[in-house]
Amino acid sequence: MSEPGRTLPSSLTHPASDRLTRGVQHAGHLTCWSLATGMATAATDLILEPQTTWWTALWLIPWYLTGLAIPLWALLRAREKAAQQSDHDDAPPRHWDKAA
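Reading the values: rules and limits
Residues numbered from 1 in each chain as written. Predicted model: local features only at pLDDT ≥ 70, side-chain atom pairs only at ≥ 80, totals over all residues. Heavy atoms only, no water. Phe/Tyr/Trp six-rings, centres within 6.5 Å; stacked < 30°, edge-to-face > 60°. Buried < 20%, exposed > 50% of the residue type's maximum accessible area, 1.4 Å probe, protein only. Helix = DSSP H or I, 4+ residues; strand = E, 2+ residues; numbered from the N terminus. Contact = heavy atoms within 4.5 Å. Expected span 1.5 Å × (residues − 1). Salt bridge = Lys/Arg side-chain N within 4 Å of Asp/Glu carboxyl O. Patch = residues over 30% accessible without salt bridge, like charges linked within 9 Å, V, L, I, M, F, W, Y side chains within 5 Å. Areas by Shrake-Rupley, 256 points an atom, 1.4 Å probe, with all protein chains shown as cover.

## Observations regarding the packing of aromatic side chains
Counted under the stated rule, the structure contains one aromatic pair. Here the aromatic rings of W54 and W55 are separated by 6.1 Å at their centres, their planes lie at 85 degrees, and the arrangement is edge-to-face. For W55, a relative accessible area of 9% corresponds to the buried category.

Printed below as a string of structure tokens:
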């Protein structure tokens, strides 16, 4: 049995904002990994200078992927921030009551 007040993992529900947050995290991970892979392939190309025909196409793929992942992450992050902000739009911040 589970402890009182705790839910089992199978009964967890994920609201839309959690799915959006996970999407932002995945897009961020894709951005970081594709950038790291692009730097590694660029270093390999610079140091080893492979002369195979497939390498000339392969080493550019992570850079193209990075170029696609950055706008994807930015779009998802903007939607996430807008969703978080709309949740808090109902009440003005407390420090506004003290304004002159």
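## Notes on the side chain of T31
Examined against the element boundaries, T31 turns out to sit in helix α1 (residues 16-48). In this structure, T31 is in contact with T66, A69, I70 and W73, ignoring residues within four places of it in sequence.

## Let's talk about α1
Its 33 residues place the ends of α1 47 Å apart at the C-alpha level, agreeing with the 48 Å of an ideal helix rising 1.5 Å per residue. Residues L20, V24, A27, G28, T31, S34, G38 and T41 constitute the buried set of α1. Following α1 by one or two positions, E49 has its phi on the positive side, about 45 degrees.

## Some remarks on the environment of P62
Inspection of the secondary structure assignment puts P62 in helix α3 (residues 61-87). A C-alpha to C-alpha distance of 8.6 Å links P62 and M39, two positions 23 residues apart in sequence. The residues contacting P62, other than those within four sequence positions of it, are S34, T37, G38 and T41.

## Quick notes on the side chain of T41
Within the fold, T41 resides in helix α1. Not counting chain neighbours up to four residues away, the residues in contact with T41 comprise W55, W59, P62 and W63.

## Focus: unusual backbone geometry
It is generally the case that most residues other than glycine have a negative phi and that most peptide bonds are trans. Even without being glycine, E49 reaches a positive phi, approximately 45 degrees. Inspection of the secondary structure puts E49 in the loop between α1 and α2 (53-58). On the basis of relative accessibility, which here comes to 51%, the residue E49 falls in the exposed class.

## A closer look at the environment of W33
Within the secondary structure, W33 sits in helix α1. A residue is classified by how much of its surface remains accessible, and W33, at 63% relative accessible area, is exposed. Taking the C-alpha atoms as reference points, W33 and L65, 32 residues apart in sequence, are found 9.7 Å from one another.

## A closer look at the pattern of salt bridges
A side chain with one charge can pair with a side chain of the opposite charge if their charged atoms come near. Applying the stated criterion across every chain, the model contains one salt bridge. Residue E80 is joined to R77 by a salt bridge in which the shortest nitrogen-to-oxygen separation is 2.6 Å. Residue E80 and its partner R77 are both found in helix α3; the two are separated by three residues, about one turn of the helix.

## What about a nonpolar patch on the surface?
On the surface, L30, L65 and L72 cluster together to form a nonpolar patch covering roughly 210 Å² of accessible area. Within the element layout of this structure, L72 appears in helix α3.

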